[in-house]
There are 2 protein chains.
Amino acid sequence: MKEQSIAQQDPVAGLTVFLVDDDEAIRNSLARALQKRDYRVETFPSAADFLLRYDGETPGCLILDYGMPGMNGLELQAWLARAGHDLPIIFITGHGGVPESVQAIKAGALDFLEKPFRQSVLIERIETAFALVAEHHAARAGTERLRAKFDRLTSREMEIVSHMVSNPSETSSKEVGARLGISPRTVDHHRARILEKLQIRSVAELISMAQHFLAKG
Amino acid sequence: MKEQSIAQQDPVAGLTVFLVDDDEAIRNSLARALQKRDYRVETFPSAADFLLRYDGETPGCLILDYGMPGMNGLELQAWLARAGHDLPIIFITGHGGVPESVQAIKAGALDFLEKPFRQSVLIERIETAFALVAEHHAARAGTERLRAKFDRLTSREMEIVSHMVSNPSETSSKEVGARLGISPRTVDHHRARILEKLQIRSVAELISMAQHFLAKG
DNA sequence: ATGGATATAGGCAGTTCTGCCTAGGCAACC
DNA sequence: GGTTGCCTAGGCAGAACTGCCTATATCCAT
């Protein structure tokens, strides 16, 4: 059990390096070099090809050639960002200049390496990327657990939660009831259901949970 | 009153452009161009000179030559970051390359412009920087107001707040008292003082405030 | 149409909170 | 030596919360 969870967290074993470059020689040599170090590698000759074949789920990082015919690296980066994907991107480039690198980093790329680069640097960035993915995954998992609980609330219950979070000075049944035009007794009932569904014991904990949830989700 | 506050928020009127470049010709021409557009400009021939003369307070942005003899731009950036200063930095460079620009942006620089650049681009980045400063200033002011309130709490009161925030499921006087080894009645007394000093009316609001405060401050 | 989920609302008893009062012990400061 | 501030703690009354019960109305799905 413990060993299995370690194995799943091992970046080399669990995550994939997606390599997008229009230069077949580079694809092959880089892929071989990474596979020799036990990385799982998938290669793509173009951004369009990556978009076609990437399932949007598999965790990993993207090694992306900046200057490719058709959709270039920056466009693919923007596309992935809009789609809400969470693949750290390491740009590699033959002819990219300062403005391109600046734009890429500003848009969230992890690094921007000029060819030729030392493999040790790339490996290092891949490890950084995988650590990032692990972090995001953990954070995401926490948020998802929260969302699952809040999803079990009815709309009326959510309304009451919203009111309490945005008006924490008016959390008594009397005040909430007045605001929603219902009896304080009914608010009592809803509050009890809310605490029960969220598996908590106090309004203080509700505020705490809801703020964490709203801040992220 | 209203006009004064607008005048203070006006970036051009209220904020300073700090220009650090070892090339006197560039210093003079850029400074003149910016002053013509009503920017307040201060020039420095070296990073060391800037550190000597900058008071650490005046809000504004830093236009920083990357490649200077002595302390270079990147080092000055790191120095300011360590000192906790909040000056957005726009790098300008004659010979900087991709790795330098990447490192600068990663370290938080707003942009990295290669000489020669169009003045319109620089102006645009200055405006972005000033907008950032205004944002940070507003956020800082809010946090400071919070800190001022929390600073009025005694250590025992803070202890109770801390416990309630980190254990929001145990916020009743009975539970807090048991945890601190004091009478529930005394916790009542402290709680009342806390709410009074923070000018709030409920524990829910306390949790909300304290979380915002702890998240930032 | 019958059952299930939801929203509404009340009764009642026990618990907790809140605001008001008092009060002793202790440390710091003038 | 007195004042001030803090921590401690209790009494008391009214308000609010909590958990248990019942109950009606509505809407939706089988």
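Scroll up to find the structure this text is about.
Conventions used here
Residues numbered from 1 in each chain as written. Chains lettered and ligands numbered in written order. Predicted model: local features only at pLDDT ≥ 70, side-chain atom pairs only at ≥ 80, totals over all residues. Core = buried A, V, L, I, M, F, W, Y, C linked by C-beta atoms within 7 Å. Buried ≥ 20, exposed ≤ 12 C-beta atoms within 10 Å, placed from the backbone. Pairing = 2+ DSSP bridges. Helix = DSSP H or I, 4+ residues; strand = E, 2+ residues; numbered from the N terminus. Axes fitted to C-alpha atoms, helices over the stretch in contact; angles between N-to-C directions. Near = placed C-beta within 6 Å. Parallel < 35°, antiparallel > 145°, perpendicular 65-115°, else oblique. Contact = placed C-beta atoms within 7 Å. Nonpolar A, V, L, I, M, F, W, Y, C, P; charged D, E, K, R; others polar.

Draft legend 1. Spatial organisation of the nonpolar core. Membership of the largest hydrophobic core comes to 73 residues, with the highest contact counts inside it found for Phe 18, Ile 90 and Phe 91 of chain A together with Phe 18, Ile 90 and Phe 91 of chain B. Core analysis: the next-biggest nonpolar cluster, separate from the first, contains 24 residues, Val 161 and Ala 204 of chain A together with Val 161 and Val 203 of chain B among them.

Draft legend 2. Here's a closer look at the sheet that holds strand E4 (residues 89-93) of chain B. All names here are of chain B. With parallel pairing, the five strands of this open sheet are ordered in space as E2-E1-E3-E4-E5. Two strands bound the open sheet, and with one partner strand each, they are strand E2 (40-44) and strand E5 (111-114). Averaged over all adjacent pairs, the angle separating strand axes in this sheet is 20 degrees, with direction ignored. One ladder, built from four bridges, connects strand E3 (residues 60-65) with E4; its direction is parallel. Within E4, the residue paired with Asp 65 across the bridge is Ile 92.

Draft legend 3. Inspection of the sheet that holds strand E3 (residues 60-65) of chain A at higher detail. Residues and elements named next belong to chain A. In spatial order, the strands read E2-E1-E3-E4-E5; together these five strands make up an open sheet with parallel pairing. Both outer strands of the open sheet, strand E2 (40-44) and strand E5 (111-114), are each paired with one neighbouring strand and no more. On average, each strand axis in the sheet is inclined to that of its neighbour by 20 degrees, with strand direction left out of account. Across four bridges, strand E4 (residues 89-93) lies against E5 in parallel orientation. Within the sheet, the bridge partner assigned to Phe 91 lies in E5 and is Phe 112.

Draft legend 4. Expanded view of the protein's contact with DNA strand C. Within the structure, DNA strand C sits among 17 residues, and Thr 154, Arg 156, Ile 182 and Ser 183 of chain A together with Ser 172 of chain B are positioned closest to it. For the surface near DNA strand C, the secondary structure elements donating two or more residues are helix H8 (155-166) and helix H10 (184-198) of chain A together with helix H9 (173-180) and helix H10 (184-198) of chain B.

Draft legend 5. Broad picture of the packing of helix H9 (residues 173-180) of chain A against H10 of chain A. All names here are of chain A. Where H9 contacts H10, the two axes come as close as 8 Å, and the packing angle between them is 105 degrees. Relative to H10, the element H9 lies roughly perpendicular. Contacts between H9 and H10 involve Ser 173, Lys 174, Val 176 and Gly 177 from the first element and Pro 184, Thr 186, Val 187, Asp 188 and Arg 191 from the second. For the contact of H9 with H10, the class distribution of residues is three nonpolar, three polar and three charged.

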